[in-house]
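Residue-level structure breakdown
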Amino acid sequence: MGIAVGLAGALLLVAAVTAGVVSSVFGGGGGGGCVGAVHSDAHETWATTAGATSPVCAEVPVGGWTRPVVGEAGSGFRTGDRPGHDGVDIMAARGTVVRAASGGVVVRVRCNVGGDSWEPTGGPMPCDSDGYPGLGGCGWYAEIRHPGDVVTRYCHLIRQPTVTVGEPVTAGQPIGHVGSSGNSSGPHLHYEAHEGYPATEDNAVDTIPFMRRKGVSL
């Protein structure tokens, strides 16, 4: 009986992975259902923007956690010389593929420079070229909401992310490429983790130990 039950459970899991989603939507502590939240970038000290509503109603893809990009970790979370740095910088060559750290749903895709922020227009954008230190902003970036209301953010992409708001993604799925847009001195990925949705300065957590708890070393 135990073997039969175990086999049935395994088959159900395979079916769920094949479908790419699980049967429940984001709960957010009992709220459940679709979400239409107003986001703010105040936690990124050089990235400010007007609120933008990003309605999300999608199922959560199945998957574990993985490194978003292969590279050496540099400037860390809220260091003495950068107390407003809410993530970790991962050094990688221009054009290196950036991947979703885990399964979830894309909740934000924006161009953010110089204190201004825009939704993609389909045409040329201020984030399409390299930025520089002091310019301000995350450049091209994307946010993914994961089960448990965890949010990850991926900044300074070379061009508009290859995913769109509301799109479900799986762990390791390409979402963009390393660049140097926004407040950046060279190609790298600024990677953030937030234990709360929407992502705010208050719920940003130290990315390296966060990922270590997920079984991933940056």
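In the block above lies the structure referred to throughout.
Residues numbered from 1 in each chain as written. Predicted model: local features only at pLDDT ≥ 70, side-chain atom pairs only at ≥ 80, totals over all residues. Heavy atoms only, no water.

In this structure the tally under the stated criterion is two aromatic pairs. Ring geometry for Tyr 154 and Tyr 191: centres 5.4 Å apart, planes at 40°, overall tilted. Linking Tyr 154 in strand β9 (residues 150-157) with Tyr 191 in strand β12 (residues 188-195), this pair joins segments that are 37 residues apart in sequence. Side by side, Tyr 154 and Tyr 191 carry an identical accessibility label, which is buried. We note Arg 145 situated over the ring of Tyr 197; from NZ or CZ to the ring centre the distance is 4.1 Å. (Phe/Tyr/Trp six-rings, centres within 6.5 Å; stacked < 30°, edge-to-face > 60°. Helix = DSSP H or I, 4+ residues; strand = E, 2+ residues; numbered from the N terminus. Buried < 20%, exposed > 50% of the residue type's maximum accessible area, 1.4 Å probe, protein only. Lys NZ or Arg CZ within 6 Å of the ring centre and 35° of its normal.)

Once that is clear, we can look at the side chain of Ser 117. If you trace the backbone, Ser 117 turns up in strand β7 (residues 116-118). The exposure class of Ser 117 is buried, given its relative accessible area of 14%. A polar contact is formed between the side chain of Ser 117 and the side chain of Arg 110, at a distance of 2.7 Å. (Polar contact = N/O pair within 3.5 Å; in protein donor to acceptor, adjacent residues only side chain to side chain.)

Turning next to the environment of Arg 108. Within the element layout of this structure, Arg 108 appears in strand β6 (residues 104-113). Assessed through its relative accessible area of 1%, Arg 108 is described here as buried. Along the chain, Arg 108 and Ala 142 lie 34 residues apart, while their C-alpha atoms are 5.4 Å from each other.

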